[in-house]
Amino acid sequence: QVQLVESGGGAVQFGGSLRLSCAASGFTFSDYVMSWYRQAPGKERALVASISNTGGSTNYVDAVKGRFTISRDNIKNTAYLQMNSLTPADTAVYYCNATFLTANYWGHGTQVTVSS
């Protein structure tokens with residue numbers, strides 16, 4: 001069955017870095033646009049970054065541009081989110097998402113907590 005398993009979250013201090021991973025299985029990974037979303041306490045889930053199925057195109061929300069980098073490995077069926085210069089505003093549960101045509105899959109999320 002389809003699985004998206006996030007890992008790499010944790011607690012870091014202001015200015016620190018984390019690398020999130022999203023291991024995919026159960027579908028043809030290289031067909032799918034991969035995205036990372038986040039949901040902070042009391043807020044709606046929001047898009048952070050996305051990457052095309054080939055990895056040739058990426059998009060970021062303004063709040064993370066220059067600090068976060070999304071990437072993927074279509075051999076390992078894994079997507080990544082490198083997060084640098086983290087601030088408390090980045091504290092959230094981060095979710096991996098896979099989309100292709102009408103298919104839309106979500107992981108269970110990984111917590112990122114940034115302390116000041």
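Above this note sits the structure.
Residues numbered from 1 in each chain as written. Predicted model: local features only at pLDDT ≥ 70, side-chain atom pairs only at ≥ 80, totals over all residues. Heavy atoms only, no water.

Describing the sheet that holds strand β7 (residues 68–73)
To be explicit about the condition: Any two strands between which DSSP finds at least two bridges are classified as paired. Comment: elements are numbered from the N terminus, with helices defined as DSSP H or I runs of at least four residues and strands as E runs of at least two. Only C-alpha atoms enter the line fits that serve as axes; for helices the fit covers just the stretch in contact. Angles between N-to-C directions range over 0 to 180 degrees.
Taken together, 4 strands build an open sheet; the order of strands is β1-β3-β8-β7 and the sheet is antiparallel. Edge positions in the sheet fall to β1 (3–7) and β7, since each of these pairs with one other strand and no more. Direction aside, neighbouring strands of the sheet carry axes that sit 15° apart on average.

Side note on the state of the cysteines
Any covalent bond linking the sulfur atoms of two cysteines counts as a disulfide. The line we're drawing: Defined by distance alone, a disulfide is two cysteine sulfur atoms within 2.5 Å. The classification of residues rests on relative accessible area computed with a 1.4 Å probe and restricted to protein chains. Under 20% of the type maximum is buried, over 50% is exposed, and intermediate values are partly exposed.
As enumerated under the stated definition, the model contains 1 disulfide in all. Disulfide partner of Cys22: Cys96, at an S-S distance of 2.0 Å. Judged by the sign of its S-S torsion, about -80°, the bond between Cys22 and Cys96 is left-handed. One end of the pair, Cys22, is in strand β3 (residues 18–25); the other, Cys96, is in strand β9 (residues 92–100), and 74 residues separate them in sequence. The exposure classification of Cys22 matches that of Cys96, with both residues buried.

Quick notes on unusual backbone geometry
The phi torsion at Ser85 lies on the positive side, around 50°, for a residue other than glycine. Tracing the sequence through the fold places Ser85 in the loop between β8 (78–83) and β9. In this structure, Leu101 is a non-glycine residue whose phi angle is positive, near 55°. Residue placement: Leu101 occurs in the loop between β9 and β10 (103–106).

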